[in-house]
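Results of the structural survey
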Amino acid sequence: MISAIILAGGKGKRIGGNKPFKKFGDKYLIDYPISILKKLKIPYTIVTSKNLLFKYNNFLSFDLIDDFGPLAGILSGMRTLNSEWYLVLPCDCPFLTEDFINYLIANIKFAEKRGCKCIVPRHRNGFIEPLFSLYRKDSKIYLNKLILEDKRKIIYLIRELNPLYVDAEKFKNVFININTPEELRDALKHLIKK
Ligand SMILES: Nc1nc2c(ncn2[C@@H]2O[C@H](COP(=O)(O)OP(=O)(O)OP(=O)(O)O)[C@@H](O)[C@H]2O)c(=O)[nH]1
Ligand SMILES: [Mg+2]
């Protein structure tokens, strides 16, 4: 019923390119979400615009449009895997946990009952985490529409989906993602402490 879409495209300009394959501890960044998904037996696809290292290529989908950003990546992933709900994740989430994913999944029944087509963590300050969220398969219609209109912000999608917001506060570290070499260094300190 659930599949995952790991977004691994984009330029990664701030970190100097090739973000999924930045070394983090003894693995690549992208290995972290992959290992959690494997443990939970959730099928996944990795979406990007070019070939990755050989061992990852079985799971690859390509961006329908180059450099459009996450919305095109999500739609590409939804076209690759058939599922009721899709877990969208970034490639740079080394502190992702099984508990967090199970928490999102536990909200599906309630979301279905209320006609919510996405489940999005929200922090106390109102900040939301759309790249750590669940999207129902009928999001595809809205994704197609937004892409045709060249509307790239993910908030446009969320507004169409009658979102169910869930509590992000108890999972704070899960949302640590890495945009710059400094953030990579800081996150490594955190990994060592763990
Ligand atoms: N498939 C796909 N993924 C993307 C695209 N743009 C960003 N992503 C992914 O979305 C997540 C969040 O993007 P950012 O952290 O801003 O990454 P980025 O855009 O490559 O980085 P900057 O160039 O520094 O802004 C990361 O996992 C990226 O790999 C895209 O066009 N296609
Ligand atoms: Mg970006």
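Values in this document were obtained by computation on a predicted structure and should not be read as measured data.

Take the pairing of strand β7 (residues 118-122) next. Successive side chains on a regular strand alternate, one facing one side of the sheet and the next facing the other. β7 sits mainly inside the fold: four of its five residues count as buried. As defined by bridge partners, β7 adjoins strand β9 (residues 164-167) across four bridges and the pair is classed as parallel. The partner of Ile119 across the bridge, within β9, is Leu164.

Moving on, we get to helix α5 (residues 139-148). Within an α-helix, residues lying three or four positions from one another point in the same direction, as the helix has 3.6 residues per turn. Listing the buried residues of α5 in full gives Ser139, Leu143, Leu146 and Ile147. Down the axis of α5, the sector holding all buried residues measures 100°, keeping them to one side. More than 90 degrees from the buried face of α5, the exposed residues found are Ile141 and Leu148. Residues of α5 that are buried in the fold lie against α2 (70-80), β8 (133-136) and α6 (154-160). The positive-phi residue at the C-terminal boundary of α5 is Asp150, with phi of around 55°.

This brings us to the pattern of salt bridges. With the rule as written, the count across this model stands at twelve salt bridges. Across the pair Glu112 and Arg136 runs a salt bridge whose closest N-O atoms are separated by 3.0 Å. Here the residue Glu112 occupies a position in helix α4 (residues 108-113), and Arg136 occupies one in strand β8, the gap between them amounting to 24 residues. Taking the relative accessible area as the measure of exposure, Glu112 reaches 36% and is therefore partly exposed. Here Arg136 falls in the buried class, since its relative accessible area comes to 16%. Here Arg136 and Asp138 are joined by a salt bridge, their closest N and O atoms 3.1 Å apart.

UniProt feature "binding site: Mg(2+)" (unreviewed entry): in the numbering of this structure it lies at Asp92. Note that Asp92 resides in the loop between β6 (85-90) and α3 (98-106). A polar side-chain atom of Asp92 sits 3.4 Å from a polar atom in the side chain of Lys19.

The seven strands are arranged β5-β4-β1-β6-β8-β7-β9 in an open sheet whose pairing can be described as mixed. Each end of this open sheet is capped by a strand with a single partner; those strands are β5 (60-62) and β9. When the angles between neighbouring strand axes are averaged without regard to direction, this sheet yields 30°. Inspection of the sheet shows strand β4 (residues 44-48) paired to β5 by three bridges, in the parallel sense. When the sheet's bridge partners are listed, Ile46 is paired in β5 with Leu60.

Here we take up the site of ligand 1. Around ligand 1 there are 21 residues in total, and Leu7, Gly9, Gly12, Lys13 and Arg14 lie nearest to it. Lys11 is positioned such that a nitrogen or oxygen atom in its backbone is 3.2 Å from an oxygen atom of ligand 1. In this structure, a nitrogen atom belonging to ligand 1 sits 2.8 Å away from a side-chain N or O atom of Asp63. Protein chains bury 86% of the 620 Å² of accessible surface belonging to ligand 1 in isolation. Taken together, the residues of the shell around ligand 1 break down into eight nonpolar, six polar and seven charged.

Analysis parameters
- Residues numbered from 1 in each chain as written.
- Chains lettered and ligands numbered in written order.
- Predicted model: local features only at pLDDT ≥ 70, side-chain atom pairs only at ≥ 80, totals over all residues.
- Heavy atoms only, no water.
- Buried < 20%, exposed > 50% of the residue type's maximum accessible area, 1.4 Å probe, protein only.
- Helix = DSSP H or I, 4+ residues; strand = E, 2+ residues; numbered from the N terminus.
- Pairing = 2+ DSSP bridges.
- Arc of directions from axis to C-beta.
- Contact = heavy atoms within 4.5 Å.
- Salt bridge = Lys/Arg side-chain N within 4 Å of Asp/Glu carboxyl O.
- UniProt positions renumbered as here; feature names shortened; annotations may be inferred.
- Polar contact = N/O pair within 3.5 Å; in protein donor to acceptor, adjacent residues only side chain to side chain.
- Axes fitted to C-alpha atoms, helices over the stretch in contact; angles between N-to-C directions.
- Near = heavy atom within 4 Å.
- Areas by Shrake-Rupley, 256 points an atom, 1.4 Å probe, with all protein chains shown as cover.
- Nonpolar A, V, L, I, M, F, W, Y, C, P; charged D, E, K, R; others polar.

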